[in-house]
Every structure is written in C-alpha cells, then in structure tokens.
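Below, each chain spelled out in residue letters.
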Amino acid sequence: MGCAPSIHVSQSGVIYCRDSDESNSPHQTTTISQGTATVHSFFIKADAAESLPSMLAYQSRATRTSSRREKRENSNCIEAETQTSHTSVKVAAKEVRFGPMRLIQDPFQVLLIFGKEDSQSDGFWWACDKAGYKCNIARTQESALEYFLEKHHEIIIIDNRHTKYFHAEAICKSIRATKPGENTVILVVVPQMCNDQEETSVLSILNAGFNRRYIENPNVTACYNELIQLEHGEVRSQFKLRACSSIFAALEHCQEAIEITSEDHIIQYVNPAFEHMMGYQRGELIGKELTELPKSDKNKVDLLDTINTCIKKGKEWQGIYYARRKAGDNIQQDVTVTPVVGQGGKIKHFVSIKKLCNDSHKQIYNVQSDEKSTEENSQSDSQSLRHKDRRKGSIDVRSITSKRSDAGSSHNRRHSSMARIHSMTIEAPITKVINIINTAQETSPATVAEALDRVLEILRTTELYSPQLNTKDDDPHTSDLVGGLMTDGLRRLSSNEYIFNKSCRQIEKSDALLWTSLDGQIEEEPDLQQSHSHLAIPVAFGDIPPRAAELLAEEDNWDFDIFELEAVTNKRPLLYLGLKIMTQFGVCGFLNCSEVTLRSWLQVIETNYHASNSYHNSTHAADVLHATAYFLRKDRVKGCLDEMDEVAALIAATVHDVDHPGRTNSFLCNAGSELAVLYNDTAVLESHHAALAFQLTAGDNKSNIFKNIERNLFRTLRQAIIDMVLATEMTKHFEHVNKFVNSINKPMSSIEETSLNSESSDGECPSGIKNAIENRLLIKRMLIKCADVANPCRSVNHCIEWAGRISEEYFAQTDEEKSQGLPVVMPVFDRNTCSIPKSQISFIDYFINDMFDAWDAFANLPNLIHHLAENYKYWKTLDESNYKGLRPPSDL
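About the cut-offs
Residues numbered from 1 in each chain as written. Predicted model: local features only at pLDDT ≥ 70, side-chain atom pairs only at ≥ 80, totals over all residues. Heavy atoms only, no water. Buried < 20%, exposed > 50% of the residue type's maximum accessible area, 1.4 Å probe, protein only. Helix = DSSP H or I, 4+ residues; strand = E, 2+ residues; numbered from the N terminus. Pairing = 2+ DSSP bridges. Right-handed = clockwise from strand over helix to strand, strands pointing away. pLDDT = per-residue confidence, 0-100. Contact = heavy atoms within 4.5 Å. Arc of directions from axis to C-beta. Axes fitted to C-alpha atoms, helices over the stretch in contact; angles between N-to-C directions. Parallel < 35°, antiparallel > 145°, perpendicular 65-115°, else oblique. Left-handed = near helix turned anticlockwise from the far one by under 90°. Nonpolar A, V, L, I, M, F, W, Y, C, P; charged D, E, K, R; others polar. Polar contact = N/O pair within 3.5 Å; in protein donor to acceptor, adjacent residues only side chain to side chain.

### Quick word on the pairing of strand β11 (residues 134-138)
Item 1. With four of five residues buried, β11 is to be regarded as a mostly interior element.
Item 2. Judged from the five bridges that link them, strand β10 (residues 109-113) and β11 form a sheet pairing that is parallel. In the strand pairing of β11, Val110 is matched with Cys135.
Item 3. The parallel pair β10 and β11 is bridged by helix α3 (residues 119-131), and the resulting crossover is right-handed.

Written as structure tokens, this is what we have:
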C-alpha cells in the first residue's frame, strides 16, 4: 500500500505536508472541526476553509486513485464524524414539542447509498458535515441494509442515476419492510433532464416508497438546503410519529378502557382493557359506527342526545353510562368523553375513557381473578393477594361487612342496614347517600344512630317525592283529587275483568307506529286517516278578525283575555295566538319553514283538539301557550335557555293535550281503552299527545314544520318536546318540583347571598346552571308544568271560568263511570253534591302553592302570586259560606 500525502495549513496560511499511512485504517475517514479538518487524508486548518474546493477537486481526482480504490474494494462503507482536534464535537440535541410531550432529538444520521463515488456523493457528504449530521456511505444493497439496521438512520439518500450498480427501488422496498424503516425519510437522486425532455410524474417514485426526489446537483449548498428542508419537514414529522409508539404503548397497557372514534363516531382504536371490559376483539370493532353496536336499555331515553349535544360543542362530558357487552349483559361505566380538535379548529376525534363502577367491576373480573389465582398457585399468598387487589381496583364491602358481623356487630341494626345497602348491584346516587349515612352511624351516639335508622327507612321507600297524605277521612276532596291525578287509577272489578268503554274515541293503530326515518324525517303509516284532510287553505295572518287583532296586541300581558279570543275566532284561538307568538319568537326562521307551513301546522293541531271538551280543548292549549311565552320572556328564564329550548317549549305547549278525550289517565286505565293498552297504563295521555303530534306533523308535507331541519337538530328538538309534554303528567309532579327546588332554587339562593350586589343578578342565569343540560331540563319541565296549571294564578274571573270548565269535565267523567259500571275515580266530583270551592282549595294547597313559590323565586312573578292569593281567598270565602257553586248566589 502506498502512502498518500497530508497537508497542514498553519495559522499564517502556510501549508505543510506529511505522510499518512492509511494501512491502519479499515475505513476512509474524513473529519472537520473548528480547528483542524482532515479531508480524505488532507489535514486543513479551519481558517483555510476557502481553499477547500480546489483541494477537494485535486484530492478527488488524484488521491482517490490507486491506494484508496484498493481500500474500497475491501470496505463498502465509509464513516465520517465531527471532531474537535482529538475529541468529538457533539451537535447540541434539539428539543421538540409534541403536544404536551417534550422530546429530545439527537443529531441526525444520514446514509448515502451510491454505487460509486462522484461529485454528487461528495456534495451530500460535505452537506452532512456542514449541517452537523453523522454520515455513512454504502456501495451495495447488502451493506446498505446491514448498516441501516445497525444505525437506524433518519435520512437515506439512494442514487438512481446508474442502475448497473444496484436497483434503487429494490433497496427502498427492502428498507421499508423493516420495522425502523417505517419512519425513515428516503430521498432518491435522479439524473438531470435534457432541455427538450418532458417533466415526468413523481407518483411512481412515491409509490415505490420514496418520500421525495432530488434532481442531480452536486453543489454543496444545494445539497445542504435539501437536507435542512428534510430535517424541518418530513424528518421532524416522522420523529413525532415515532414518539407515538410510546403513547400507544401507554394506551395498550392502561387499565382503563379507552376508545377513540372519528367525528362521525366511527371506531378508530380500542385498547386491550376495552376489549377485556366489553368482550369484543379489536377487529370486530375497528371501522364500525357506534350506532351499530347493541345499546343498553337502562339509559335514559335522551342520554345519547345529551352527550352528543355536549361533545359536539367541544365540551367534555362525564357521567354514568350503561353499556351492553358482547355477551348481552349490561354494565355500569363511569365515562369521560373528550373532543379532540384538529385542523381548521374542527373536532376530528372523540376519546372515551371508561371505568367500571364498583359492582360492574366485580361482575366482570371475579371469574377472571379466580382463573388467575389458579394459574399462579405457585406464587406466595401475599403476592397473589397483591395481584388481585391491583386488578380488582375496589374493595368487596360485602366481605368486610361479613367479617365485622362475625366479630359481634351483627346484633346492631346499623350493620344489618349496611349489609342490605351494600348488597345492591348498582351504586345509584341514593345508594351513595345511604352509604354516607351508614358511615356516620358508626361513630354516632345511640340516639343519633336511631334517628339515622329512621332516615334510612324513609330513603328506602319508592316514593321519595310524593308527600304522604294523612287527610283522607277529613278531606275527601283532596284525597279524591290526588288519587285521580297522581295514580294510574287501575282498579279491577270483582270479576277481575276490564270493561272497555266503547264510547271512548277509537285510536288508529298507526298512533303506535311513529318512527323517525334515517334521514331525520318522520315516516307516516299509509293507512293513516288524516282528520284535517278537509281543511281549506291556511288562514293568512292578515285575515284575522279586527277584534282578534286588537286582543292579540295585548298578548304579552298576563291578564290577556283568552276567552274573548275564543269567542271572536269561533273557538279557534290556538291558530291566531300561535301565529302571533311563534312569529315573535322567530320559530319559522329556526325551523327553516315558511309561514304558510306554520299556519297549516297550527290548523292541523287545533283541529285535533276536541271542541266538545269543556276544558281540554284548543282554548286550554292556547292559554298554556300564552303562559309559556310569558314565562320565556322573563329575564331569568331567557338567560338560562337557548333558542332551541324556546322553540321546543312553544311547540310542546301547543301540542301538549292534542286529541285529549276529556277523561283522566285513571279512567282510561280502568276502562281498558286502546290507549291504555298501547302505553301499558303508564303516562297514557301524555305519551299519546306527544306521539300523535309528531305523527300529524309528518302526515302532510304542507304542514311538516320539521321537514327542512338537519337530522341531529330534529332529534334533539324532538326529545326536548317529548320530555316537556311528558312532564305535564301529574304522577311525577312532586319529583319535578323537588328536583327544581334542590337543583335550581337552592344553588341560586346561595349565589345571591354571596353576591355583593344580589339585585344586579336578578336577570342573570348563573353559568353553572345554564351550562348544565340537566338543569335546563328541569327549568323547561317546571315552565310547562306551571303554564299547564296556571288557572289559579289568573285573574279572578278567568280562574272561576277555568274552575267551572274542569269541574264540568270531571262531572261528565263521573257520570260515565257510573253508567258504565267503572270504578269512580273521584267520587267527590258528583255534579249533585260536589263543592267546587273545596276542590279548588285542595288543588291549590296540594299542587299549586309550593310549585309557584319555587317558580316565582326563579322567574320573579309577583303578579301571579298576587292573583293566586286573591283567588284562594275567594274560594275560602265561598267555602266558609257553604256555597258549593262557582259564585255566591248574589252574583248568579
């Protein structure tokens, strides 16, 4: 082997030569630093860097001949390192932020795959040196793959100008086939094109696995720029992608079930804990929509819509959700759903984290814990116990209770109560309350413990919100009224057979077949008999009778005369009042429907109210709509509800008693009517009103006010309307009122007490109440309930008129019950013996006072409370004078 000359440049610029024996170096090495640079056997002072091009040119043509060519035959790889004198110069590692992660990126490594050394390979070589990258050169496909698997280079540059040495595409594919090759950036060098040569597509290069191409240009600066662009573009992106493997590793080993879906709720990822919890394999879930999976029937009807409404707004939802496992059993989960915003500020993913609630955890893991214990029987008892505790994640309270019982505490009633409480399979909120009381009992004096035992007995009753009526013998009016309004009234005859009331209005079977089609519209049964088919063209708003127009000008006044409107509109007040109110609230704009469609819809709904009913007719519906609009205009109510809530409330008020037969739910259940059979004796009329309202709406496209709104909006609006209509059913009256008091009145009272200026907050709705969907639900329920039974809060004359109308309807029901041999639901409502003042006093005492006190505390309604006091005084005066009619004899 010969010796190549070495040249050293002094500080003064003088170049010294010395011999360098290359025989001791298995690989040719090039080193550049701030002090001395060795260039393929040239050692050059850094301040003589300007001399590099000419020296490189000389060395490239002269020195790279015989001796070095011989060495390349024995070594297919050349390595370059950055050094300072005798030590390495370490390029500072760079910090890269990836979401909340802080990553440290080491200096890049570049692999050059060139069949022969030329100016292009030199250009990239020196560009790597300039950028501070470690660089390796490989000459063959085999050495390239071997070196890559050892070093895991971030950038690979493959020469595709000379196919006689190797096939660039084959090398690229072989690298991509390896695990580290997935995130490597591969650049292909292609020859320059002639001037007359047409530009070709890069698709074939990209499809082969290359990230981009580089058109031959040996200029060091051009090569350097290309490398820098790769570093700040593809390389950094791939570096972040590689970091995702750590995130997925965490997800895969996380003990909480995790599910990731797209914005369209298509499942994109589930972790092993999710598979474990739900009983599915990952392949059975990925790519499926959530709607394709079986749902548990234990959730509230509107829960999914509530969740979607929350997360679609970019808000996190957290709560209890029942899921159905593949095996078909239901489990209770503590779920957190977090929206993930992507490009353009739009939600791109939803991440759901699911934890099993106590006993659901036991339900799934107990069997597996036993199996695990059997497999690990060779381990010590303590290790096995620790392993079980870690996997189970909760304490078996029943076993603890049992142990305490063995210790002698079984004689104490408190421990007996605790055992009963902890034997429950689902820990509902009331169960948590009972557990807290049990815990308090453990350290309480005997007298307190006994009192808490009484509390527990009360809490275990099924009717927590229904007061216990103790005046049955003393006040038959109250007893009959409560029995008629708050029970299903199902009373069997002695023969245990139902008597069907043939005079009850027959209901079309299609009433039960109201379903929403997939596109958000409502399907209609083809044989539905439209009761409004005879209607003429909807009345134009301009055709309103002059006196009606004068009356409607005062519509925003609480003392609005609904009975005069009934008279001047020929018993069609709902159409005219509905047009006025819904126009003011912009209902047509929200529903994207025309005024003609709204008029037609109002006519359809009003026609399906029974004008023959003395009370439950379209005038009552118009009165409830008027009260609803009045409440919606109050500042506090307006501040707590949004536009959709307002539209839902107005529509619910309009339809809440449509097709009412003038009989109570108790009557229909006792008579075994088709409606009672259809709705299983539960909220019979209210369910029918809601179902028929949507059926009639969809029955004719001309009156379908929902036909132009988007599917999800329709679903949300529909659920809100149904919920409000069902809230008018009296069996849950006290539940709704007490929930409103505890969730709305009391928190607002606390906020006002702590406020420096409580008066300034009278018209505001606290964000904690406004932002909670459940609280807005309670407000809407309370609103329509108060609007539905606001008669005692109207002016005295109106209150008397409404009392007469409802009494006549109850009288007619009692007459029919007697004639049909049915149980008499409200015996006091016998037209020959009934005291109307007593019935009104009982109704106000039992249902109205507390509810309107709570509503007034929220909405500020002093005029209503004033009317209520006046009316109560009026009925009391009549009762004390032993008058049973509506007015004293002097007024008749």
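That shown, we press on.
### Here we look at the pairing of strand β13 (residues 185-190)
Item 1. Within β13, six of the six residues are buried, which leaves it mostly tucked inside the rest of the structure.
Item 2. Residues of β13 alternate between two faces, with Val185, Leu187 and Val189 on one and Ile186, Val188 and Val190 on the opposite face, all of them buried.
Item 3. With five bridges connecting them, strand β12 (residues 155-159) and β13 associate as parallel partners. Residue pairing for β13: Ile155 is matched across the bridge by Val185.
Item 4. At this point the chain moves from β12, through helix α5 (residues 168-176), to the parallel β13, and the crossover so formed is right-handed.
Item 5. Bridge count for β13 against strand β14 (residues 212-215) is four bridges, and the pairing is parallel.

### Comments concerning the environment of Leu206
Item 1. Summarising the element assignment, Leu206 is placed in helix α6 (residues 203-207).
Item 2. Looking at Leu206, the relative accessible area reads 39%, which means it is partly exposed.
Item 3. Each C-alpha atom of the pair Leu206 and Ile186 lies 10.0 Å from the other, and the pair is 20 residues apart in sequence.

### Some thoughts on the confidence of the model for the chain
Item 1. In this model, the chain carries an average pLDDT of 76, and 71% of its residues clear a pLDDT of 70 or more.
Item 2. Note on residues 1-89: pLDDT is under 50 here. Beyond four places in sequence and across chains, it has 151 contacts.
Item 3. Throughout residues 365-426 the model reports pLDDT below 50, and contacts reaching past four residues in sequence, or to other chains, amount to 70 contacts.

### A look at the environment of Leu456
Item 1. Checked against the element boundaries, Leu456 lands in helix α16 (residues 446-459).
Item 2. The buried category is assigned to Leu456, whose relative accessible area is 0%.
Item 3. Each C-alpha atom, one on Leu456 and one on Ile434, is 6.7 Å from the other, the two residues being 22 residues apart in sequence.

### Quick word on helix α4 (residues 141-151)
Item 1. Among the residues of α4, those classed as buried are Ser143, Ala144, Tyr147 and Phe148. The buried side chains of α4 occupy one side of the element, clustering within an arc of 130° when seen end-on. Opposite the buried face of α4, at more than 90 degrees from it, the exposed residues are Glu142, Glu146 and Glu150.
Item 2. Two residues or fewer past α4, His152 is found with a positive phi of approximately 55°.

### A look at unusual backbone geometry
Item 1. Unlike most non-glycine residues, Lys571 shows phi in positive territory, near 60°.
Item 2. Positionally, Lys571 belongs in the loop between α19 (562-568) and α20 (573-584).

### Regarding the sheet that holds strand β18 (residues 330-341)
Item 1. Strand order in the open sheet made by the five strands is β16-β15-β19-β18-β17, with antiparallel pairing throughout. In the strand order of this sheet, the two ends are held by β16 (267-270) and β17 (317-324), each with one partner. For this sheet, the mean angle separating the axes of adjacent strands, direction not counted, is 30°.
Item 2. Inspection of the sheet shows β18 paired to strand β19 (residues 347-356) by nine bridges, in the antiparallel sense. The residue of β19 that forms the bridge with Gln333 is Leu356.
Item 3. Relative to the sheet, helix α10 (residues 303-312) contacts β17, β18 and β19, its axis offset from that of β17 by approximately 140°.

### Looking at the packing of helix α33 (residues 796-820) against helix α35 (residues 862-880)
Item 1. Interaxial distance between α33 and α35 falls to 10 Å at its minimum, and their mutual angle equals 60°. On the basis of the axis angle, α33 is oblique to α35. Taken as a pair, α33 and α35 cross one another with a handedness that is right-handed. When α33 is examined against α35, the residues Val796, Cys799, Ile800 and Ala803 are found in contact with a partner set consisting of Glu870, Asn871, Tyr874 and Trp875.
Item 2. Considering only residue class, the contact of α33 with α35 consists of six nonpolar, one polar and one charged.

### Comments concerning the packing of helix α34 (residues 836-859) against α35
Item 1. Close contact between α34 and α35 brings their axes to 10 Å; oriented N to C, the two are set at 160°. Classified by the angle their axes make, α34 and α35 are roughly antiparallel. Once α34 is placed against α35, the crossing between them reads as left-handed. The segment α34 lies against α35, with Ile836, Pro837, Lys838, Gln840, Ile841, Ile844, Asp845, Ile848, Asn849, Phe852, Asp853 and Asp856 engaging Pro862, Leu864, Ile865, Leu868, Tyr872, Trp875, Lys876, Leu878 and Asp879.

### Digging into the environment of Lys173
Item 1. Summarising the element assignment, Lys173 is placed in helix α5.
Item 2. Since its relative accessible area comes to 46%, Lys173 is described here as partly exposed.
Item 3. Taking the C-alpha atoms as reference, Lys173 lies 6.9 Å from Ala208; in sequence the two are 35 residues apart.

### Notes on the side chain of Asp879
Item 1. Tracing the chain through its elements places Asp879 in helix α35.
Item 2. When its relative accessible area of 16% is taken as the criterion, Asp879 is described as buried.
Item 3. Discounting residues that sit within four places of it in the chain, Asp879 has contacts with Ser835, Pro837, Lys838 and Ile841.

### Some words on the side chain of Ser174
Item 1. Structurally, Ser174 can be placed in helix α5.
Item 2. Of note is the side chain of Ser174, whose polar atom sits 2.7 Å from the backbone oxygen of Ile171.
Item 3. In this structure Ser174 touches Gln141 and Leu145, once residues within four positions along its chain are discounted.

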